[in-house]
Amino acid sequence: MGSEIYVRKFLRIRTRKPLCGSARIVRFDDKPVHTGIAFVNIPEISPGGLKFISHLRMPASPSVILQISLMLNGTAHCIQGYIVHGRKNVGSGYEYGFCFLDQDKGLRDSLIRLFSERVHKMDRCIIVDPAFPPHDPANG
């Protein structure tokens, strides 16, 4: 494997079992709106955004602001942002890339803590503990 350049702004954490969360639209063209809640699965997350999967088809546009709510390490987080891209997945609905409007310091700290608990440095490599994410008895 040759050397590769990592072009993402933030390192992503990919979970073996997706996190559960919810999404709702809170603004459209700078006007507040109130919509129902859609439950989503979150297989990847970083301090700058996340990937989520939903059965709903949603627009990829910075004028449609969503709020994603999730629990991480026992702490609730509600982050606003917009969908940057979406695609249809066979059998699992739609997969979306979601960009946070503002970095959430609490979420960032939770991710750093979680990542540092599961990463071991060996030589110049980073080894991720295969037990990630930690087992949550409440979620089975």
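What this report covers is the structure whose coordinates are included nearby. A quick note: this is a predicted structure, and the numbers were derived from the prediction, not measured. (Residues numbered from 1 in each chain as written. Predicted model: local features only at pLDDT ≥ 70, side-chain atom pairs only at ≥ 80, totals over all residues. Heavy atoms only, no water.)

Some points on the packing of aromatic side chains
Using the criterion set out here, one finds 4 aromatic pairs in the structure. One aromatic cluster is present, formed by F52, Y94, Y96, F98 and F100 through successive ring pairs. Its guanidinium or amino end placed over the ring of Y94, K88 lies 4.9 Å from that ring's centre, counting from NZ or CZ. (Phe/Tyr/Trp six-rings, centres within 6.5 Å; stacked < 30°, edge-to-face > 60°. Lys NZ or Arg CZ within 6 Å of the ring centre and 35° of its normal.)

Comments concerning the pairing of strand β3 (residues 38-46)
For β3, the tally of buried residues reaches 7 of 9 residues, placing the bulk of the element in the interior. Inspection of the sheet shows strand β1 (residues 13-28) paired to β3 by 7 bridges, in the antiparallel sense. Residue pairing for β3: L19 is matched across the bridge by I42. In this sheet, strand β4 (residues 49-54) lies alongside β3 in antiparallel orientation, the contact comprising 4 bridges. (Buried < 20%, exposed > 50% of the residue type's maximum accessible area, 1.4 Å probe, protein only. Helix = DSSP H or I, 4+ residues; strand = E, 2+ residues; numbered from the N terminus. Pairing = 2+ DSSP bridges.)

Focus: the side chain of Q67
Of note, Q67 is situated in strand β5 (residues 64-72). Taking the relative accessible area as the measure of exposure, Q67 reaches 16% and is therefore buried. Beyond its immediate chain neighbours, meaning those up to four positions away, Q67 contacts S22, A23, R24, V26, C78, I79 and Q80. (Contact = heavy atoms within 4.5 Å.)

Thoughts on the pairing of strand β7 (residues 93-100)
Within β7, 7 of the 8 residues are buried, which leaves the element mostly enclosed by the surrounding structure. As paired elements, β4 and β7 share 6 bridges and run antiparallel to each other. Residue pairing for β7: F52 is matched across the bridge by Y96. Examined bridge by bridge, strand β6 (residues 75-89) and β7 share 8 bridges and lie antiparallel to one another. Bridge assignment links I83 to a residue of β7, and that residue is F98. Counting the residues between successive antiparallel strands, the hairpin from β6 to β7 contains 3 residues, one of them, G91, with a positive phi of roughly 80 degrees.

With respect to the side chain of S69
For S69, the position within the fold is in strand β5. Beyond its immediate chain neighbours, meaning those up to four positions away, S69 contacts G21, S22, H77 and C78.

Quick look at the environment of G74
Tracing the backbone through its elements, the reader meets G74 in the loop between β5 and β6. Looking at G74, the relative accessible area reads 65%, which means it is exposed. As a C-alpha pair, G74 and S110 span 36 residues in sequence and 9.6 Å in three-dimensional space.

Quick word on the pattern of salt bridges
A full pass over the atoms with the stated rule returns 3 salt bridges. Here K51 and E44 are joined by a salt bridge, their closest N and O atoms 3.4 Å apart. Taking the shortest distance from any N to any O, the salt bridge between K51 and E95 comes out at 3.9 Å. Placement of the pair is K51 in strand β4 and E95 in strand β7, with a sequence separation of 44 residues. We classify E95 as buried; its relative accessible area is 11%. Residues participating in the shared-partner salt-bridge network are E44, K51, R87 and E95. (Salt bridge = Lys/Arg side-chain N within 4 Å of Asp/Glu carboxyl O.)

So yeah, pure geometry; function would need other evidence.
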